[in-house]
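Each chain is listed here by its residues.
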Amino acid sequence: MIFEILTTFPGIIEAVAGESIIRRARDKGLVEVEAVNLRDFTSDKHKTTDDSPFGGGPGMVMKLEPVFDAVDTLISRRPGKVRVALMTPQGERFDQAKAEQLARENHIIMICGRYEGVDERIRRHLVTDEMSIGDYVLTGGELAAMVVVDAVARLVPGVLGDESSAESESFSSGLLEYPQYTRPAQYREYSVPEVLVSGNHKEIEKWRREHSLRRTLERRPDLLNSAPLTEEDRRTLVRIRKEE
Ligand code: 6GU
């Protein structure tokens, strides 16, 4: 899985991709994360990547030639299927389903917008996906790109040590994760739920499912509309709702 990230701030990309699980995945050759400096694709003395908008008005717009030239170069270096994503707060909201879709790709180029926007011809004629990570405004697309890289890379087989952990967690089941505990079973006056230390695996599974449902109902009831629920889950939810 190859991520190439077009940016005027390659240091942000390197700082994030040089740590922890993404670093290990890179070292193992499972993912490639390359920051590509947009200034390397400029031809003027000042390596200009932005300019004032036609028609006037405040702010600067990301110029199109360096972006087109960079993307053309990257595509010709690695022929084959490619997604070209523009990171922008105007994009489609990134979520776990999108992460799963992107994890099936081999080559993703990400363009980090800076300034007040990018020349519209980049969106119209170069980009296959426009992505936002949420309803707030960042100073640039770099951190958003790394959020996407992180969420997608951890779905690539072998990136997480334990293959089951990507499956049982929040969102892939459509529910929030159940509460977790580890040793010691008693700390100050805080103890671990009895059932979890009972060794009764069937009861533990039941407890976990119920607490996933409780947590989802409390914090993200919207998720219950699309989560796959069994008849027993529905009975559990009815029971929990009666508790109030
Ligand atoms: Cl992708 N870019 C910027 N600048 N702000 C954002 C974003 C992206 N996603 C959420 N806010």
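Residues numbered from 1 in each chain as written. Predicted model: local features only at pLDDT ≥ 70, side-chain atom pairs only at ≥ 80, totals over all residues. Heavy atoms only, no water.

Structural notes on the packing of helix H1 (residues 10-17) against helix H6 (residues 142-153)
And step 1. Between H1 and H6, the least distance of the axes is 9 Å, while the angle of their chain directions is 30°. On the basis of their axis angle, the class for H1 and H6 is roughly parallel. In this structure, the crossing between H1 and H6 has a hand that is right-handed. Where H1 approaches H6, its residues Ile-12, Ile-13, Val-16 and Ala-17 are matched on the opposing element by Glu-142, Leu-143 and Met-146.
And step 2. Grouping the constituent residues of the contact of H1 with H6 by class yields six nonpolar, no polar and one charged. (Axes fitted to C-alpha atoms, helices over the stretch in contact; angles between N-to-C directions. Helix = DSSP H or I, 4+ residues; strand = E, 2+ residues; numbered from the N terminus. Parallel < 35°, antiparallel > 145°, perpendicular 65-115°, else oblique. Left-handed = near helix turned anticlockwise from the far one by under 90°. Contact = heavy atoms within 4.5 Å. Nonpolar A, V, L, I, M, F, W, Y, C, P; charged D, E, K, R; others polar.)

Topic: the site of the ligand
And step 1. Taken together, Met-87, Thr-88, Pro-89, Met-131, Ser-132, Ile-133, Gly-134, Tyr-136, Leu-138, Gly-140 and Ala-144 are the residues near the ligand.
And step 2. For the ligand, a nitrogen atom lies 3.4 Å from a polar atom in the side chain of Ser-132.
And step 3. Between a nitrogen atom of the ligand and a main-chain N or O atom of Tyr-136, the distance comes to 2.6 Å.
And step 4. Mapping the ligand onto the cavity grids shows that it belongs to the second largest pocket.
And step 5. Only strand E5 (83-93) and strand E7 (129-132) provide two or more residues apiece to the shell around the ligand. (Near = heavy atom within 4 Å. Polar contact = N/O pair within 3.5 Å; in protein donor to acceptor, adjacent residues only side chain to side chain. 1 Å grid on protein atoms, 1.4 Å probe; cavity = no way out; pocket = protein on both sides within 12 Å on 5 of 7 lines; lining within 4 Å. Sits in = over half its atoms within 2 Å of the grid points.)

Observations regarding helix H3 (residues 64-77)
And step 1. An ideal rise of 1.5 Å per residue puts 20 Å on 14 residues; H3 measures up with 20 Å between its terminal C-alpha atoms.
And step 2. Of all the residues in H3, the buried ones are Leu-64, Pro-66, Val-67, Ala-70, Val-71 and Leu-74. All buried residues of H3 lie within an arc of 165° about the axis, which places them on one face of the element.
And step 3. Considering only its buried residues, H3 is in contact with strand E1 (2-7), strand E2 (32-37), strand E4 (61-62), E5, strand E6 (107-112) and helix H5 (120-125). (Expected span 1.5 Å × (residues − 1). Buried < 20%, exposed > 50% of the residue type's maximum accessible area, 1.4 Å probe, protein only. Arc of directions from axis to C-beta.)

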